[in-house]
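So you can see what is in the structure, the chains are spelled out below.
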4 protein chains.
Amino acid sequence: MAIEIRKIAISTGGGDCPGLNAVIRAVVRTANIKYGWEVVGIKDGLQGVMDTTTKLIPLNRHNVAGFLQKGGTVLGTTNRGNPFEIKQEIDGRMQTVDISDAVVENIRREHIDAVVGIGGDGTMLIMNQLYKKGIPIVGVPKTIDNDLLSTDVTFGFDTAVAIATDALDRLQTTAASHHRVMVVELMGRYAGWIALHSGIAGGAEVILIPEIPYNIERVCDVIRQRMKREGFSIVVVAEGAKPVGGSHSVLHEGGQGAVERLGGVAYKVAEEIEHFTGAEVRTTVLGHVQRGGAPTAYDRVLSTRFGVAAADLIHEGNFGRMVTLRGTEICDVTFEEAIENLKFVDPDGQLVRAAEEIGVCLGR
Amino acid sequence: MAIEIRKIAISTGGGDCPGLNAVIRAVVRTANIKYGWEVVGIKDGLQGVMDTTTKLIPLNRHNVAGFLQKGGTVLGTTNRGNPFEIKQEIDGRMQTVDISDAVVENIRREHIDAVVGIGGDGTMLIMNQLYKKGIPIVGVPKTIDNDLLSTDVTFGFDTAVAIATDALDRLQTTAASHHRVMVVELMGRYAGWIALHSGIAGGAEVILIPEIPYNIERVCDVIRQRMKREGFSIVVVAEGAKPVGGSHSVLHEGGQGAVERLGGVAYKVAEEIEHFTGAEVRTTVLGHVQRGGAPTAYDRVLSTRFGVAAADLIHEGNFGRMVTLRGTEICDVTFEEAIENLKFVDPDGQLVRAAEEIGVCLGR
Amino acid sequence: MAIEIRKIAISTGGGDCPGLNAVIRAVVRTANIKYGWEVVGIKDGLQGVMDTTTKLIPLNRHNVAGFLQKGGTVLGTTNRGNPFEIKQEIDGRMQTVDISDAVVENIRREHIDAVVGIGGDGTMLIMNQLYKKGIPIVGVPKTIDNDLLSTDVTFGFDTAVAIATDALDRLQTTAASHHRVMVVELMGRYAGWIALHSGIAGGAEVILIPEIPYNIERVCDVIRQRMKREGFSIVVVAEGAKPVGGSHSVLHEGGQGAVERLGGVAYKVAEEIEHFTGAEVRTTVLGHVQRGGAPTAYDRVLSTRFGVAAADLIHEGNFGRMVTLRGTEICDVTFEEAIENLKFVDPDGQLVRAAEEIGVCLGR
Amino acid sequence: MAIEIRKIAISTGGGDCPGLNAVIRAVVRTANIKYGWEVVGIKDGLQGVMDTTTKLIPLNRHNVAGFLQKGGTVLGTTNRGNPFEIKQEIDGRMQTVDISDAVVENIRREHIDAVVGIGGDGTMLIMNQLYKKGIPIVGVPKTIDNDLLSTDVTFGFDTAVAIATDALDRLQTTAASHHRVMVVELMGRYAGWIALHSGIAGGAEVILIPEIPYNIERVCDVIRQRMKREGFSIVVVAEGAKPVGGSHSVLHEGGQGAVERLGGVAYKVAEEIEHFTGAEVRTTVLGHVQRGGAPTAYDRVLSTRFGVAAADLIHEGNFGRMVTLRGTEICDVTFEEAIENLKFVDPDGQLVRAAEEIGVCLGR
């Protein structure tokens, strides 16, 4: 049943993601224009509501102008924790305390009638706990890795894939001219979606993802053949890619430690390929370039639809639910369903099979 | 039941579309690498098979290298007609003749065991007729306008939206600096998907599409308010946008004729806005810029998956079917289902409602 | 001789230009960080100084953050006139009055010790008159058309050429696939630099610029040959391109009037080509897309250097001068030298000859 | 004095560079269209002329179509050496032999009347030696690092700066959202031009280049202040950047070795910043992404002008000279002048001073 709404709040959790500001803009515009609600943004996670003087930012259709194109997040660094287990210094010692009651109280004291929580599975878990404490909350999924089972796509993912693919396009021509192996490290600690999509779109010969432990000998066989035939090779490595058995064959203790502390798995893979094939290898580590800047048109449309749908859920009194995309329609699921399962690349799924049918080596 | 395949052909129909070469590449690679088939491309539509010396192009994994990024179509201009009703000069007069039997015969004479037909609803109709004549055919949908009901998305659409959105982004800053109305004409004669998606992604205030006849007074009201408040306005017009009642209020006979012959509806809308609001208006007609150049990463992945799936259908002996996207899965439908219905923007659908909820004027 | 500076003002004249905000940022940062000056931006031209409550905007290193990438101009619409001949309603009639003394007085009353004026030749003329009235002024050239003789390059030009070239790239593939002539209208009413550079960079076959009246028969000859050989053709037309003799051969009175009122010369050229060659022609009018959005890296570096040099001129007490680029060095000239001559494309110059040597038709 | 020319050859030396194919296209088109000469491309450096069956590629205006946009080099890997000191296996041992006489003889036997040599200072040195042996040669400078004193700019540089700046733009938003230090490694082993231009264009706070040894304490001071004030920081590091004194303070023997073998100086700088400031640091190593893909419009125009000018020099019989850019004009110098001096960033020059005046830290 719908409650009467006059004022809503928006809170975000976790890292930034292209499209995050576009979601905020859509919530604000729908709230203002369609429903006549006031909107306030809470900085630095929901517990920011405790600090009403510095962390509550009035948002309206005018001050969200330009948010469609804007990378980053206007609600600041957002991984500052969980109101149910917040770290505080008490009596000189760091302790974990539950401040959720105070958060709930402050939400009411600020006359916030409903909350839009934007975040990943961790954030949705917290949103669910607060929802059970009586806060009318709806959720918007946010993970650049696209690893939520309850939605076909999350915003930011298309942008990350586009940026990575653009880098692979540039490497294609220079690799061909130089007769080299180019190893490119892309995001993806646990799920290989970015590496798999970018690798297919960018014409990589090898794509190594966390879900399929790679066999370096198999990888080197492919590269050797490819070097003979075309003279160059592109190898995409997700951050979380791991060899079969989980350890690297070439690096000794010292070196490996230094590398792991400093940088990426790409350097390890590059060294192994150089060692086993004798090819000249060059390495690119795109890093946070993948999550910055203006979102693609695709991500802007998706973000806008998610934001509108979240406001609509509030209007309908449909709390405790997260918006999702299924096919071409925006749907919604309960917070429980939202966080039940993560979505990993299926080693036997359609997309991996398609990649292998066109001759891409997944390292196995 | 599967037949034994040794050689397949690829034929395309209709205009070019970003991703078309990527589909061809995926079919060729899957055929070569996975199934060991020979592949031939037929230039200028299926009747090209009649001209075996100039229109049959051997394709293999080596000569399709670089096709992922390549705009246009390597199989040439493809709207040269229909083997069932081909125009030929006979006895000095243009006549319509049915050469489908000869096409079927030539396909067999060339030892082509199966055909992949890539095209829009017109092409699928022809493919279906040839399928019924005994040619083992599978189809891949191709329409930049994304107006096929049997698939969630078609390749090329995402690229067109990305290009149009980039233009809208650039117009935002200059419109704001100059206090102007910018009218932008985008593709879409019958379906407004490109205009609607780009307009939402690019933050347009007004989006006029063929499916919703526009009321110029309503449009001008929105622009007047907007000019007062923000000082500028972006108006997106699909090629096929029409006013309520279907005629334009300002232009006299002479002028209107000249404009219609020469260019776009955007000039008409621009003149009406200038006339009724007094605002300075500038016009951009993107034209074929929207269908050229490298496809987006999204379109490359989709094209690749479609190409692989088409080859797989042939391998399974599953003829008379067209590949589609449903959610995140590649599926397939019969040719009949494929062409049953076009997909127009629903004036009461989710996407239009989302646009209106954030304050976009659809001209009504 | 240097005077003591505590506070400077920045004023802009004319339309927006990619890099304008980057110039402002560089002036502000140099003033703040290097010299410790206060900075104020004057909105809507120098006479904005009369309206101290709404048009003087304090600028500092913090509120110019992000200005490098920002398109448009933060100092608003800037073509509102000339303090020496301002249009005012007096006794119910529009009259031209000279308010320059009041402007000078207000600059002093606001304790503005020096002014950076950014604009084209019109703006520099006004700056010079104010300089002669005793205001310590330095200038930064701003014209997207790159038509000032006193500087090798102006900022914004590289961005406009980059955007236009990107559109030509996309048209190349689609023109080739469709066997069509693509006519593209680019900026340039009096000087053809944008059309000439973009046309060369984008591989156009024909480039029509204001400095070389075109012979439509010559153009059509080139297109006919090209259509026979390659099957497609790209024609670039600057806004100010004119046929030899100055009138168009095909269009009748009515149509021509309508077109001229509404849109561009491209439609006229397109109609003539269609008429004389029978080729299918498609038209793109890029319009203000060319002057919007983020500046290129080249323009950002140039803008930054211009802004720093302007502040340095003030520091050195070197007033009445405009900064310029000569080769790789930033130099400066007097306002008189700055506005003495415009820079048009030389029909016998190196660049035109280079274009013609590679086979580009300049319409003659 | 001009000799009669019927056939010319094009040879490239060193790595690939965006615009290289555009130079080749312009030489070929001018030779074909303007002068009626035949053109042949020599693969893998001038000594490729010895292998007439596999390394001589006929080039003409038709097979160079599309070369304007094409990244890489169509004349293959080009750093295979010097005909005056070529490495050959003789009697089972690698020996250095002078095959220049044979090269000269083969050029004559192939009826090559003149040669266009495209390359860096090393290539020009070889060209000069061959020129002294009587081969009519002209040169085109090629170095992505822009480090030749005899020309204002070399092609490819603008593209590299554009790519790097695009990456910095994306890092700006994500750095701001995450409160992080982003360290980005860019090309430039000996000259810091790419890092300096990109760093200015991308708004970096710190730019470390080979020409100015950096003081890590000074760098960390700047970052500490910046983190306090704005919460994030962008640090650009050229590959060849070195600390004052030349060694790194943090890393022990083992780690340092591993890092140096594997990757870039960026990881060292990142670790030092993390160690000294406690800030969270993320690293991006763009690598060969910077030298791949389509050249910018600027580089295409420059490349085209260089190619035309080289053909013109041959036509005029003006051998032993390399084309250059001075201001807006294409000029030429003798090979001796061309290679006399490299162009390094002047630590007291205009560009470094401009950077420091807007508050950029150059590490000193």
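The model shown is predicted, which means the values in this text are computed figures rather than measured ones. (Residues numbered from 1 in each chain as written. Chains lettered and ligands numbered in written order. Predicted model: local features only at pLDDT ≥ 70, side-chain atom pairs only at ≥ 80, totals over all residues. Heavy atoms only, no water.)

## Focus on the pattern of salt bridges
Once their charged atoms are close, side chains differing in charge can pair, the charge on each being opposite to the other. Tallied over the full model, the rule gives 66 salt bridges over all chains. Note that Glu4(B) is salt-bridged to Arg6(B), the shortest N-O span being 3.8 Å. Judged on exposure class, the residue Glu4(B) and its partner Arg6(B) are both exposed. Across the pair Lys132(D) and Glu336(D) runs a salt bridge whose closest N-O atoms are separated by 3.1 Å. (Salt bridge = Lys/Arg side-chain N within 4 Å of Asp/Glu carboxyl O. Buried < 20%, exposed > 50% of the residue type's maximum accessible area, 1.4 Å probe, protein only.)

## As for the sheet that holds strand β13 (residues 329-334) of chain C
Residue and element names in this part refer to chain C. Judged by pairing direction, the sheet is mixed, and its seven strands sit side by side in the order β3-β2-β1-β6-β7-β12-β13 without closing on themselves. If you trace the sheet from one side to the other, it starts and ends with β3 (56-59) and β13, each paired once. For this sheet, the mean inter-axis angle between neighbouring strands, taken without regard to orientation, is 30°. In terms of strand pairing, strand β2 (residues 38-42) meets β3 through four bridges, oriented antiparallel. Across the sheet, the residue bridging to Val-40 is Pro-58, located in β3. Where helix α1 (residues 20-35) meets the sheet, it contacts β1 (7-12), β2, β3, β6 (114-119) and β7 (137-141), and its direction lies at approximately 175° from that of β1. Strands in contact with helix α10 (residues 297-315) are β1, β6, β7, β12 (321-326) and β13; relative to β12, the strand with the most contacts, it is inclined by about 140°. (Pairing = 2+ DSSP bridges. Helix = DSSP H or I, 4+ residues; strand = E, 2+ residues; numbered from the N terminus. Axes fitted to C-alpha atoms, helices over the stretch in contact; angles between N-to-C directions. Contact = heavy atoms within 4.5 Å.)

## Digging into the packing of aromatic side chains
In this structure the tally under the stated criterion is twelve aromatic pairs over all chains. Between Tyr131(A) and Phe335(A) the ring centres are 6.3 Å apart and the planes differ by 75°, which places this aromatic pair in the edge-to-face class. With a gap of 204 residues between them, Tyr131(A) in helix α3 (residues 121-132) and Phe335(A) in helix α10 (residues 335-340) connect regions that are remote in the sequence. The partly exposed category is assigned to Tyr131(A), whose relative accessible area is 33%. We classify Phe335(A) as buried; its relative accessible area is 0%. A ring pair is formed by Tyr35(C) and Trp37(C), whose centres lie 4.7 Å apart and whose planes are at 20°; its orientation type is stacked. (Phe/Tyr/Trp six-rings, centres within 6.5 Å; stacked < 30°, edge-to-face > 60°.)

## Things to note about the domain arrangement of chain A
All names here are of chain A. Considered domain by domain, chain A is made up of domain 1 (7-155 + 295-340) and domain 2 (158-290). Computed over C-alpha atoms, the centres of domain 1 and domain 2 are 35 Å apart. Contact residues are listed per partner, giving nine residues for domain 1 and ten residues for domain 2. Note on domain 1 versus domain 2: buried area summed over both sides is about 750 Å², and carbon and sulfur give 59% of it. Counting the surface domain 1 buries against domain 2, the share from its top three residues, Ile-144, Asp-145 and Thr-296, is 55%. On the surface where domain 1 and domain 2 come into contact, there are zero salt bridges. Applying the counting criterion to the domain 1 and domain 2 interface returns four residue pairs in polar contact (both at pLDDT 80 or more). (Domains from an automatic or database assignment. Buried area = accessible area lost by both parts, 1.4 Å probe. Polar contact = N/O pair within 3.5 Å; in protein donor to acceptor, adjacent residues only side chain to side chain.)

## Comments concerning a nonpolar patch on the surface
Taken together, Tyr190(A), Leu342(A) and Phe344(A) make up a surface patch of nonpolar side chains, about 320 Å² in accessible area. By secondary structure assignment, the location of Leu342(A) is in the loop between α10 and α11 (350-357). (Patch = residues over 30% accessible without salt bridge, like charges linked within 9 Å, V, L, I, M, F, W, Y side chains within 5 Å. Areas by Shrake-Rupley, 256 points an atom, 1.4 Å probe, with all protein chains shown as cover.)

## Thoughts on the confidence of the model for chain A
Parts of the model with low pLDDT should not have their predicted coordinates read in detail. Residue and element names in this part refer to chain A. On average, chain A scores 91 in pLDDT, and the residues at 70 or more come to 94%. Per-residue pLDDT stays below 50 along residues 248-262; that stretch engages in 28 contacts with residues further than four places along the chain or on separate chains. Complex prediction metrics read pTM 0.94 and ipTM 0.94. (pLDDT = per-residue confidence, 0-100.)

## Section: the interface of chain D and chain A
Many authors give the size of an interface as the accessible area that is lost as the parts come together. The partner chain A presents 41 residues to the 41 residues of chain D that form the contact. In this structure, the connection of chain D to chain A is made through zero salt bridges. Breaking the side of chain D that touches chain A down by element, the ones donating at least two residues are α4 (157-178), α7 (253-262), α8 (265-277) and β11 (281-285) of chain D. Top contributing element to the side of chain D that touches chain A by residue count: α4(D), with nine residues. Among the residues making up the side of chain D that touches chain A, the classes are represented as twelve nonpolar, 21 polar and eight charged. (Nonpolar A, V, L, I, M, F, W, Y, C, P; charged D, E, K, R; others polar.)

## Some details on the packing of α11(A) against helix α9 (residues 297-316) of chain B
Remark: α11(A) packs on α9(B), axes separated minimally by 10 Å, with the N-to-C direction vectors making an angle of 80°. Classed by the angle they form, the pair α11(A) and α9(B) counts as roughly perpendicular. Here Gln350(A), Leu351(A), Ala354(A) and Glu357(A) of α11(A) come into contact with α9(B), specifically with Val301(B), Arg305(B), Val308(B) and Asp312(B). The residue makeup of the contact of α11(A) with α9(B), split by class, is four nonpolar, one polar and three charged. (Parallel < 35°, antiparallel > 145°, perpendicular 65-115°, else oblique.)

## Focus: the relation of the copies chain D and chain A
Each copy of the sequence occupies a distinct position, and chain D is placed on chain A by a rotation of 180° and an axial shift of 0.0 Å, giving an RMSD of 0.0 Å. Such a combination of rotation and displacement between the chain copies is what one expects of a two-fold axis. When C-alpha positions in chain D are compared against the rotation axis, the closest is assigned to Val285(D), at 2.5 Å. Looking at chain D, 100% of its interface residues are interface residues in chain A too, so the copies touch through the same face. (Least-squares fit on C-alpha atoms with pLDDT ≥ 70 in both.)

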